[in-house]
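Commentary on secondary and tertiary structure
The chain contents come next:
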Amino acid sequence: MKIAIIGGGAAGFMAAITAKSSDSSAEVVLFEKSDKVLSKVKISGGGRCNVTHACFNISELTKHYPRGKKFLKKSFAHFYTKDTVDWFEERGVKLKIEDDNRMFPNTNSSQSIIDCLMGSCTSSGVSLKLKSTVKSILPQKDKFILKVNEGEIAVDRLIIATGGSPKLHGLKWLIDLNYEVENPVPSLFTFNMPNESIKELMGVVATDVSVHIQGNKLKHTGPLLITHWGMSGPAILKCSAWGARELAHTDYRFNIQLNWANLSENDYVNLIKEHKNSNRIIANKNPFNLPNRLWLFLLSKIHIDSNISWNQLDKKSGNRLLNVLFNDSYQVNGKTTFKEEFVTCGGISLNQVNPQSLESKKHKGLYFCGEVLDIDGVTGGFNFQSAWTTGYLAGKNSVL
Ligand SMILES: Cc1cc2nc3c(=O)[nH]c(=O)nc-3n(C[C@H](O)[C@H](O)[C@H](O)COP(=O)(O)OP(=O)(O)OC[C@H]3O[C@@H](n4cnc5c(N)ncnc54)[C@H](O)[C@@H]3O)c2cc1C
């Protein structure tokens, strides 16, 4: 039996190693169009590779996927986070859990993951073909004819692991095979705010902010980082992932409303009241746990002299303070994916693929795995987890 895997990323490697280890008599060939494999693994997690997330409950785990939640619930029943941790550990790579539950190799280096995948690929006997672009697929009765560079090869089973394609034309070769695709748009991006002076505070982090996209139901909480181009951090990235499609429709021009300390309106009112009798200088006493630079910025935004004392704050100023803390607003104009863990929302529609086996419902013997599918997660190791799970199942089932 000859099995071809197209794409030398996380999902393709997992599929190839699993197929060959499940049936050593099968000939397993992995085609990669560039001269390097695992290039995203290399740069992932700031060079440390956030391999997975320490969430060992499948229902909880699936909540981190804006696309693919239901599908993955069935796939995770066969291979999930615990299996990923064991899989790497059995091959000599121990993973550690950080405070926010992201998991990284103990070595803090993505090279450990690359060495493990490359080593397992070589020792199991997978044949790796670099600079080999699969240009088209011709399904025949029991085989698939692949056009690879200028030649043709016939294989019995085929695993497509070509990753996310940010543009629809990148999926044309699959559309030509009659697959429905969900229009690809970026997910996990940061917000550009060219007209907002808050950028002066670049580097400042507010630890618990609630971000609401105006005109839509999206609301997410978490740390928010002010950057020299706008805003980033988990609260913003979650909005970008869950709102990937709606925000693409706005051409990335929209307004956001921030609740800076993620408190209720009443909590703010009470905290302001509590301080009304204090003779402490407002600049020096910020009861909302905000970074001091941000606190001073907000006071100046609403024209409150930061040198007055709390007991000098008049009613109107108190209302402005409440408003800026609870309902501050900023204009977004554009997005940035540079250096972030960006992924594609969209890809092969999931209704054409069996979530247990990853086999196509249209072509027997053809499997999909990784980001080419319409699956994507928020940041934190969820995207690799989906690549490991779907790659493992595609590899395992391709030899059955
Ligand atoms: C900067 C960055 C950091 C990230 N960090 C993290 C992280 O820490 N944790 C996390 O969970 N996720 C992270 N992600 C997301 C994660 O990297 C991807 O979701 C994951 O790599 C997808 O794996 P894949 O194998 O499906 O696709 P890819 O890794 O994109 O691999 C697809 C491969 O297929 C090849 N290919 C495509 N078409 C063809 C063809 N026709 N013929 C032959 N070969 C072809 C490509 O060259 C590529 O090598 C990050 C992403 C980026 C961009």
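Residues numbered from 1 in each chain as written. Predicted model: local features only at pLDDT ≥ 70, side-chain atom pairs only at ≥ 80, totals over all residues. Heavy atoms only, no water.

1. Re the overall build of the chain
Per the secondary structure count, the chain includes 13 helices and 20 strands. The principal-axis extent of the C-alpha atoms belonging to the chain is close to 80 × 40 × 35 Å. In the chain, buried positions account for 54% of the 400 residues. Restricting the contact set of the chain to residue pairs at least 6 apart, pairs at least 24 apart contribute 72%. (Helix = DSSP H or I, 4+ residues; strand = E, 2+ residues; numbered from the N terminus. Buried < 20%, exposed > 50% of the residue type's maximum accessible area, 1.4 Å probe, protein only. Contact = heavy atoms within 4.5 Å.)

2. Concerning the site of the ligand
Among the 30 residues in the neighbourhood of the ligand, the closest are listed as Ala-11, Glu-32, Asn-50, Glu-371 and Phe-384. Ala-11 places a main-chain nitrogen or oxygen 3.0 Å from an oxygen atom of the ligand. Here an oxygen atom of the ligand sits 2.6 Å away from a polar atom, N or O, in the side chain of Glu-32. Within the complex, 91% of the 1,000 Å² of free accessible area of the ligand lies under protein. Counting residues per element, the ones that place at least two in the shell around the ligand are helix H1 (10–22), helix H2 (39–47) and helix H13 (382–398). By residue number, the principal contributor to the shell around the ligand is H2, which donates four residues. A breakdown of the residues in the shell around the ligand according to their chemical character gives 11 nonpolar, 13 polar and six charged. (Near = heavy atom within 4 Å. Polar contact = N/O pair within 3.5 Å; in protein donor to acceptor, adjacent residues only side chain to side chain. Areas by Shrake-Rupley, 256 points an atom, 1.4 Å probe, with all protein chains shown as cover. Nonpolar A, V, L, I, M, F, W, Y, C, P; charged D, E, K, R; others polar.)

3. Looking at the sheet that holds strand S9 (residues 151–155)
Sheet architecture is open: three strands sit in the order S7-S8-S9, paired in antiparallel fashion. Since the sheet does not close on itself, it has two edges, and those belong to strand S7 (134–139) and S9, each with one partner. Taking the axes of each pair of neighbouring strands and ignoring which way they run, one obtains an average angle of 25° across the sheet. Two elements, S7 and strand S8 (residues 144–148), share five bridges in a ladder whose sense is antiparallel. Bridge pairing in S8 places Val-134 opposite Val-148. (Pairing = 2+ DSSP bridges. Axes fitted to C-alpha atoms, helices over the stretch in contact; angles between N-to-C directions.)

4. Brief notes about the packing of aromatic side chains
Applying the stated criterion to the full structure yields 15 aromatic pairs. Consider the rings of Phe-79 and Tyr-392, whose centres lie 4.2 Å apart with planes at 25°: the pair is stacked. Taken together, the residues span a long stretch of sequence, with Phe-79 in the loop between helix H4 (69–76) and helix H5 (81–90) and Tyr-392 in helix H13 at a distance of 313 residues. Measuring from centroid to centroid gives 5.1 Å for Phe-191 and Phe-254, while their planes differ by 85°, and the two rings are edge-to-face. Taken as a pair, Phe-191 in strand S12 (residues 190–192) and Phe-254 in strand S16 (residues 253–259) lie far apart in primary sequence, 63 residues in all. Given the relative accessible area of 0%, Phe-191 is considered buried. Joined through ring pairs, the aromatic side chains of Tyr-268, Phe-288, Trp-295, Trp-310 and Phe-326 make up one cluster. A cation sits over an aromatic face here: Arg-48 above Phe-104, 3.8 Å from the ring centre. The ring of Trp-87 is capped by Arg-91, whose NZ or CZ atom sits 3.8 Å from the centre of that ring. (Phe/Tyr/Trp six-rings, centres within 6.5 Å; stacked < 30°, edge-to-face > 60°. Lys NZ or Arg CZ within 6 Å of the ring centre and 35° of its normal.)

5. Quick look at a positive patch on the surface
On the surface, Lys-69, Lys-70, Lys-73, Lys-74 and Lys-361 cluster together into a patch of positive charge. Classification of Lys-361 by relative accessible area gives exposed; the value is 56%. (Patch = residues over 30% accessible without salt bridge, like charges linked within 9 Å, V, L, I, M, F, W, Y side chains within 5 Å. Salt bridge = Lys/Arg side-chain N within 4 Å of Asp/Glu carboxyl O. Lys, Arg positive; Asp, Glu negative; His and termini not counted. Charge placed at Lys NZ, Arg CZ, Asp CG, Glu CD.)

6. Thoughts on helix H6 (residues 110–124)
In a regular helix each residue adds 1.5 Å, so 15 residues correspond to 21 Å; H6 covers 21 Å between its end C-alpha atoms and thus fits that length. Along H6, the residues classified as buried are Ser-110, Ser-112, Ile-113, Ile-114, Cys-116, Leu-117, Ser-120 and Cys-121. The inward-facing, buried residues of H6 abut H1, H2, H5, strand S4 (95–97), strand S5 (102–105) and H13. The positive-phi residue at the C-terminal boundary of H6 is Gly-125, with phi of around 95°. (Expected span 1.5 Å × (residues − 1).)

7. Overview of the pattern of salt bridges
Evaluation of the coordinates by the stated rule reveals 13 salt bridges. Of the charged contacts, one joins Asp-251 and Arg-253 as a salt bridge, the two residues approaching to 3.1 Å between their closest N and O atoms. Of the residues examined, Asp-251 reaches a relative accessible area of 44% and is grouped as partly exposed. Connected through salt bridges with shared partners, the residues Arg-48, Lys-96 and Glu-98 form a single ionic network.

8. Points about helix H12 (residues 315–326)
The terminal C-alpha atoms of H12 lie 16 Å apart, and with 12 residues this matches the ideal 16 Å at 1.5 Å per residue to within 8%. For H12, the secondary structure elements touched by its buried residues are S16, helix H10 (265–275), helix H11 (292–301) and strand S17 (328–333). Capping of H12 at its N-terminal end is provided by Asp-314; its side-chain oxygen lies 3.2 Å from the backbone amide nitrogen of Lys-316.

These figures capture arrangement, not role.
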